[in-house]
Structure formats: structure tokens, C-alpha cells
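Coordinate analysis (summary)
Given next are the chains, with one letter for each unit.
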Amino acid sequence: MKKTNKIAFLLGLSVSLISTGYASTIGTVNFKGRILADSCEVASGIDGEMVEVQLGDVDKNDILAINSSSSPKDFAIKLSNCDLGQAVQLRLNGVAVPGAEHLLAITEKLGSAKGVGIGISEKGVSKPLAINDLTDARNAVAEMGDITFEFTAAYITYDSVVAGNADAIATFDIVYP
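The following paragraphs examine the structure supplied in this document.

The rules we used
- Residues numbered from 1 in each chain as written.
- Predicted model: local features only at pLDDT ≥ 70, side-chain atom pairs only at ≥ 80, totals over all residues.
- Heavy atoms only, no water.
- Salt bridge = Lys/Arg side-chain N within 4 Å of Asp/Glu carboxyl O.
- Helix = DSSP H or I, 4+ residues; strand = E, 2+ residues; numbered from the N terminus.
- Buried < 20%, exposed > 50% of the residue type's maximum accessible area, 1.4 Å probe, protein only.
- Disulfide = S-S within 2.5 Å.
- Pairing = 2+ DSSP bridges.

Let us now look at the pattern of salt bridges. In a structure, side chains of opposite charge can pair up when their charged atoms sit close to one another. Under the criterion given, the structure shown has two salt bridges. Measuring nitrogen to oxygen at the nearest pair gives 3.2 Å for the salt bridge that ties lysine 123 to aspartate 74. Residue lysine 123 is found in the loop between β6 (114-122) and β7 (138-139), and its partner aspartate 74 is found in strand β2 (residues 73-80); the two are separated by 49 residues along the sequence. The class of lysine 123 is partly exposed, set by a relative accessible area of 42%. The closest approach of N and O atoms between aspartate 173 and arginine 91, which form a salt bridge, is 3.9 Å. Of this pair, aspartate 173 sits in strand β9 (residues 171-175) while arginine 91 sits in strand β3 (residues 87-93), placing them 82 residues apart in sequence.

Laid out in C-alpha cells, this is it:
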């Protein structure tokens, strides 16, 4: 071999030996997960995919005091075809009132009400859920595997009330604990 070829060969060999000689373990990748049974389906209709809660017209003089509330309105979210015994929770997602995470904020637009939010509670529970938090777990019952989450909603005053439209939007996730 020519001298330049030998030098190039030896340099290449030494670089490959050096780079493999300094390899070390730097970190670890942990993979975690679960294999779930069939998941629940959101029931179709007014108590399923598209729930509309009519809180009605409320006189601002009836809810002037901080923490006062309008009359609560019942609503439900129904799930179907869950595996029997499957534990399920819901997470209600939305924009919370700053400093009052238990209130869903009114959608801000021209002519919107101010000083009130919407408190959402599990039916029979007086304390509103924190927005973006989980409900208590429910287990699928009956042969159909249906689960119904029952709630109440009301306007709750957190500041000086300004009259206007008081609409809000929340989405929900199904969570399998």
C-alpha cells in the first residue's frame, strides 16, 4: 500500500476505536401504559354528545352578593356500552375564573355579563367541581354498561355583577382510572 493509504487507514481505524471506547449510558426510557377493555361511548342525543343547559334569565339583583347563586339546573352526561364494572371518571374542561377555579368563566365578548361564573357540582354535592378536575369515579352497571353522571349548574357571583349574556362552553373527557 502507498504510505498515504496506510495513514488514512490507520486514522480511520483509530477514530472508530476511540468513538466506541467512550460510549456510556446517559439516560433511561421507561414505557408505561395499560391495555384497556372496550372504552365507553358517549350516548347520542341531548344528554350525550351535545348537552345544553338552560340556566335561564336571572335578575342581577337576585345575585348581587358575593357567592350568591341562581337556582341550580340539573343536567346529565350519559355514557353507554361500557364494560361491566369499568371505573370511569369525567373531566370537565374549560376556562376557569382566575382566582376562582371552581367557576367556569363566562365567554368574553361584547355584551357579556361580568362578575359571575358557572358553578358545576355533582348532583347531591354542594361544593362545585374545580374546572379541569376529575369527578368521582363511577362503575358501569346493568347489562348495557351504562353510566350516567348527574350534575347541577348555577350562576355564582364572584365580583360586582354587570348584566349581559352569560354563556360558557365546557368540554369533557372520559378518564379510565
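Tallying each qualifying case throughout the model produces one disulfide. One disulfide bridge connects cysteine 40 with cysteine 82, the sulfur atoms lying 2.0 Å from each other. With the S-S dihedral at roughly 130°, the linkage between cysteine 40 and cysteine 82 falls on the right-handed side. Here the residue cysteine 40 occupies a position in the loop between α1 (3-21) and β1 (41-42), and cysteine 82 occupies one in the loop between β2 and β3, the gap between them amounting to 42 residues. When its relative accessible area of 7% is taken as the criterion, cysteine 40 is described as buried.

Across the sheet, six strands lie side by side as β1-β2-β8-β6-β5-β4; this open sheet has antiparallel pairing. The open sheet terminates on both sides in strands that have one partner only, identified here as β1 and β4 (96-97). The sheet contact formed by β4 and strand β5 (residues 100-105) spans two bridges and is antiparallel. Bridged to alanine 96 within β5 is leucine 104.

Here we come to unusual backbone geometry. Non-glycine residue asparagine 67 carries a positive phi angle of around 70°. Phi angles above zero are rare outside glycine, and asparagine 81 is one such case at about 60°. The topology assignment puts asparagine 81 in the loop between β2 and β3. With a relative accessible area of 39%, asparagine 81 lands in the partly exposed category.

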